[in-house]
Amino acid sequence: QAQVNALQKGEVDIIEALGFDFYEAAKKDANIQLPKYSTVNLQYMARFNHLHKPFDNPKVREALFYAFNQEDFLKAVVGDAKFYKVCHSYFPCGTPFSSEKGMDGLLKSNFKKAQDLLKEAGYDGTPIVLMHSTDLAVLTNLAPVAKSLMEKAGFKVDMQSMDWQTVVARRAKKDPPTAGGWHAFLTSWVSIDITNPIFMGFMNAGCEKAMFGWPCDKQMEELRDKFARATDPAEQKKIAEAVQVRVTQYPTHINLGQWYQNVAARKNVSGFVQAPAPVFWNIEKK
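Keep in mind it's a predicted model, so treat the numbers as computed, not measured. (Residues numbered from 1 in each chain as written. Predicted model: local features only at pLDDT ≥ 70, side-chain atom pairs only at ≥ 80, totals over all residues. Heavy atoms only, no water.)

S.K.: Please give an account of the overall build of the chain that cites residues and values.
M.R.: Secondary structure assignment for the chain yields nine helices and 11 strands. Oriented by its inertia axes, the alpha-carbon framework of the chain measures out at about 65 × 45 × 30 Å. Expressed as a percentage of the 286 residues in the chain, the buried residues total 50%. Put simply, the chain shows about 13100 Å² of open surface, and 51% of that area lies on carbon and sulfur atoms. The centroid of the 35 positive side-chain charges in the chain is displaced by 2 Å from the centroid of its 31 negative side-chain charges. (Helix = DSSP H or I, 4+ residues; strand = E, 2+ residues; numbered from the N terminus. Buried < 20%, exposed > 50% of the residue type's maximum accessible area, 1.4 Å probe, protein only. Areas by Shrake-Rupley, 256 points an atom, 1.4 Å probe, with all protein chains shown as cover. Lys, Arg positive; Asp, Glu negative; His and termini not counted. Charge placed at Lys NZ, Arg CZ, Asp CG, Glu CD.)

Take a look at the structure:
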């Protein structure tokens, strides 16, 4: 609200991330514009720690695929359907490698299936340390939704609230969750950074060389290497689909839908460049 007040008074010129609740008010203000800078959007993701029980077991990670659904997350954070899209493809809808391959039956909140998978995996009720970011509006409501859906699936969840900077520091730790580590957290990626198996950092399953979460899967790495060496677009598409199928069998993370970020600016600001994220080249104020 303070940001919007400052923009309306001319105390600031641009709000890079306009809160969804303020879109309609900004739209009605004669002195404010809502430039559509983005050529792509963003994707929410859930990431789990592969090093520690219970998420060292692929069956337990798979249970989340059945427990979660994208719309609950998107409604809780974004709210307005104009600004989000249910998209089950790991590679964002509207990009070359987008596909529903391997996603049948997943992300439908099938709690019975999730419960069966947990039972099959021998889940012993270990509380899941779920990191909850509280100070970024586009992330704050994600963890409470995850907690609710996980509990319906049979998980016990210890949701620990902290600011985003603490999440960033803690997610790098390999300590056990009971000793300052973690089991899971939720975040968002700009879609341009996740358009293929090489770009998508969370698909790196190179064990110690992987990003925080540290998945370790030889088959995934062989597919990503094969994609990197392919030069024919049709062959690349085929490999990308194989990667997506593999990630449903050995989940590295879970995709939770696409969303659009709004920018607001005073009308005396011009020159916005079409780009995947807000950039300030070519901006002029009169």
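S.K.: Quick rundown of helix α6 (residues 142-153)? Include the residues and the values.
M.R.: Taking 1.5 Å of rise per residue, 12 residues should cover 16 Å, and α6 covers 17 Å from first to last C-alpha, within 8% of that figure. Count one or two residues on from α6 and you reach Gly154, which has phi positive near 110°. (Expected span 1.5 Å × (residues − 1).)

S.K.: Before we move on, can you summarise helix α4 (residues 70-77) with the specific residues and values?
M.R.: Residues Gln70, Phe73, Leu74 and Val77 constitute the buried set of α4. An end-on view of α4 places all buried positions within 95° of arc, on one side of the element. Elements that come into contact with the buried residues of α4 comprise β3 (42-48), β4 (84-85), α6, β7 (184-190) and β8 (253-259). Looking at where α4 begins, the residue whose side-chain oxygen comes 3.2 Å from the main-chain nitrogen of Glu71 is Asn69. Count one or two residues on from α4 and you reach Gly79, which has phi positive near 85°. (Arc of directions from axis to C-beta. Contact = heavy atoms within 4.5 Å. Polar contact = N/O pair within 3.5 Å; in protein donor to acceptor, adjacent residues only side chain to side chain.)

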